[in-house]
Amino acid sequence: MENTNPEALNRQKQIKRTGLKDLSNAVSGKVILRFAPNPNGPLTLGHARGVTINSEYAKIYDGKVVLRFDDTDSKVKPPIKEAYSWIEEDYKWLTGKNPDIIVRASERMEIYLSYAVKMLDEGFGYVCKCSAENFKKLRDNSEECQCRKKESKENLSDWNEMVNGKLTEGMAVVRVKTDMNLPNPALRDWPALRIQHSHHPMVGDKYKVWPLLDFQSAIEDHEQGVTHIIRGKDLMDSTRKQTLLYNHFGWEYPETMYWGRVKIHEFGSFSTSGMRKEIENKNYSGWDDPRLPTLRALRRRGFDSEAMKDFWIDLGLTQKDISVSLQTIESFNSSKIDSKCERRVFVRDPKKIILNANNIEIPIKLILNKHPLNKIKGNREWNIEDLEIYVEEKDLEKKEIRLKDFADIEVRKSEGIIQSLDRNDKRSIVHWIPKSISKKAILTIPNGNEIIIQEGVIEDIQIMKNNIVQLERVGYAKIESIDDDIIKLLWLHG
RNA sequence: GCUCGUGUAGUGUAGUGGUCCAUCAUGAAGCCCUCUCGAGGCUUCGACCCGGGUUCAAAUCCCGGCACGAGCACCA
């Protein structure tokens, strides 16, 4: 090796490349990406990947992101009128900025329809009146159907019957002529537009014929000048179908990259339409129910958008199907929020203990940091004059404990005998709270499909609505409401 | 069945022929801390799917298996 490749002897520790890989064929300032959700609900954790990756690449290459609402199906996945603005909000929360361009497919129907006419006119598309079932049989045997042989004149007149409503749902479809002998059956004369007479929440009953995703998306990407498409690998065949269409039109297909499926352990398999149903059935309180994997639910609990972004960028863009734990996201979140979260004590299942000074001189006041490393300036003052404190029932199982930041005690029934103010041994340190500064609180914890409610008392010092605090030895929680007699906390994570 | 894709520690991720007895994070275990079992610091554990081939040299290239996943909707 010394002779053949001497420099290989100078070993160095490798370092991990961070951030996203380079986009191929990307010219700074010219990159146009897109994120295309169906507005049938707000954005979920899964969508966050698309939003993050696209907006991050746009940032790196000084490019643009098109937010495109793919709302061309009012039957199987009917759009929700409010979801358009929900999605815009969610996008802004996650990226910190608005999309550069926003388009709604339903507003651009004339464009799609005119390209459909062009396709029929130029003979690379046809109106097919075969049933889906029959066509599948023919396609599986690489056989052409009768409709394929029609002249463009006849196709155009059939098209008019589709458009004016004479032909009803299921009677005809427009197909793109590819090649019935293509090895991949999915690509053979694929359907581009179909008849849908259902009411559309945005444009009503204006259109009888609607494009399918592969057609609409292909046309719109071209119209917007999209240079790079990043999509799920389940859409690989879409790329191939659309490339065939682009060839007919004489266009050049954008660079395309794919990601694999992501499953978050804790959330199982959720679909937007599934969630919608559950919400309608009152099994969840709304789209921001803390058990749901929607961005609004996560935001409500106190997840930080930067942490979310870091998480998705760390996963990167790979075609592997992955299964990650919420814990990973939580750890990204902790590192973002910890230095911003003040500490407070929350004692669950509180048990009252009366302190016995035991002839030791004890202070009447304790001054505690708001943050252990003083990342947040300021402190909390605890008055312990009346000697009545609360400790968690579970912590009283041990008879000798240390009250954090205060004293070693021995517990005898409901009495706590102070043994020393200094820490003298390795006994466990527990959190506690003087009764005089405590206030009743409940902590709501989403746990899978359940909601766990924990009752306790919280340190009632500068408690502010919507703040996220770290409950010492418990975890992070958001203060959701403050009433005269009770404070409501929503669990974030440990 | 046809077509396509992916396989690096428990989970993710870096790595494109020698700088690799393999990176980083997370996790688990343990330790430290004038004091959090969930903050902070530190230590340890743990992986190239299998089998051939090419080469002085393979996680990396080639071939063949195997496993897993996806598409084949008038859904997106």
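Everything that follows concerns the structure shown earlier in this document.
Everything numeric here is computed off the predicted structure, so don't read it as measured data.

It is worth spelling out helix α6 (residues 213–224) at this point. For α6, spanning 12 residues, the distance from its first C-alpha to its last is 16 Å, which sits close to the expected 16 Å at 1.5 Å a residue. Burial of α6 is extensive: 9 of the 12 residues sit out of reach of the surface. All buried positions along α6 are accounted for by D214, F215, Q216, S217, A218, I219, E220, D221 and Q224. Directly beyond the C-terminal end of α6, a positive phi value near 70° is found at G225.

This paragraph deals with the pairing of strand β3 (residues 101–104). Pairing between strand β2 (residues 64–69) and β3: 4 bridges, direction parallel. Residue pairing across strands places V66 opposite I101, the latter belonging to β3. Regarding topology, helix α2 (residues 83–95) serves as the crossover connection from β2 to the parallel β3, and that connection is right-handed.

As a further point, take the pairing of strand β1 (residues 32–35). The alternating pattern of β1 places I32 and R34 and L33 and F35 on opposite faces, both of which are buried. Crossover β1 to β2 through helix α1 (residues 45–60) is right-handed.

It is worth spelling out the environment of Y115 at this point. Along the chain, Y115 falls in helix α3 (residues 109–121). On the basis of relative accessibility, which here comes to 16%, the residue Y115 falls in the buried class. Between the C-alpha atom of Y115 and that of T18, which follows or precedes it by 97 residues, the distance is 43 Å. In terms of polar contacts, Y115 uses its side chain to reach the side chain of E223, at 2.9 Å.

Below, the discussion takes up the side chain of D90. With respect to the secondary-structure elements, D90 resides in helix α2. Polar side-chain contacts of D90 include one of 3.0 Å to the backbone nitrogen of L43. At 2.8 Å, the side chain of D90 and the side chain of R296 are in polar contact. Each residue touching D90, except ones within four places of it in the same chain, is listed here: P42, L43, L295, R296 and R299.

The next point concerns the packing of aromatic side chains. Enumeration according to the criterion identifies 14 aromatic pairs in this entry. For the ring pair Y246 and Y253, a centre distance of 4.8 Å and an interplane angle of 70° mean the geometry is edge-to-face. With respect to class, Y246 is no different from Y253; both count as buried. Ring geometry for W382 against W432: centres 5.0 Å apart, planes inclined by 80°, an arrangement best described as edge-to-face. Residue W382 is located in strand β16 (residues 379–383), and its partner W432 is located in strand β22 (residues 432–434); the two are separated by 50 residues in the primary sequence. Across the pair, W432 and W382 agree in class, each one buried. Among the aromatic residues, those joined into a ring-pair cluster are Y115, F124, Y246, F249, W251 and Y253. Above the ring of Y84, the side-chain terminus of R104 is found at 4.4 Å from the ring centroid. Over the ring of F135 we find R175; its NZ or CZ atom is 3.3 Å from the centre of that ring.

Below, the discussion takes up the packing of α1 against α2. Running from N to C, α1 and α2 cross one another at 55°; their axes reach a closest spacing of 10 Å. In terms of their interaxial angle, α1 and α2 are classed as oblique. Crossing of α1 against α2: the hand is right-handed. Touching A48, V51, T52 and S55 of α1 are Y91, L94 and T95, all from α2. Across the contact of α1 with α2, the residue classes tally to 4 nonpolar, 3 polar and no charged.

For the rest of this paragraph, the subject is the pattern of salt bridges. Applying the stated criterion across every chain, the model contains 46 salt bridges. The salt bridge involving D73 is made with R194; its shortest N-O contact spans 3.7 Å. With D73 in the loop between β2 and α2 and R194 in strand β6 (residues 191–195), this pair connects stretches of sequence that are 121 residues apart. Like D73, the residue R194 is buried in the burial classification. Of the charged contacts in the structure, one is a salt bridge between D140 and R139, with a shortest N-O distance of 3.7 Å. Among the residues examined, D140 registers a relative accessible area of 40% and is labelled partly exposed.

Conventions adopted
Residues numbered from 1 in each chain as written. Chains lettered and ligands numbered in written order. Predicted model: local features only at pLDDT ≥ 70, side-chain atom pairs only at ≥ 80, totals over all residues. Heavy atoms only, no water. Helix = DSSP H or I, 4+ residues; strand = E, 2+ residues; numbered from the N terminus. Expected span 1.5 Å × (residues − 1). Buried < 20%, exposed > 50% of the residue type's maximum accessible area, 1.4 Å probe, protein only. Pairing = 2+ DSSP bridges. Right-handed = clockwise from strand over helix to strand, strands pointing away. Polar contact = N/O pair within 3.5 Å; in protein donor to acceptor, adjacent residues only side chain to side chain. Contact = heavy atoms within 4.5 Å. Phe/Tyr/Trp six-rings, centres within 6.5 Å; stacked < 30°, edge-to-face > 60°. Lys NZ or Arg CZ within 6 Å of the ring centre and 35° of its normal. Axes fitted to C-alpha atoms, helices over the stretch in contact; angles between N-to-C directions. Parallel < 35°, antiparallel > 145°, perpendicular 65-115°, else oblique. Left-handed = near helix turned anticlockwise from the far one by under 90°. Nonpolar A, V, L, I, M, F, W, Y, C, P; charged D, E, K, R; others polar. Salt bridge = Lys/Arg side-chain N within 4 Å of Asp/Glu carboxyl O.

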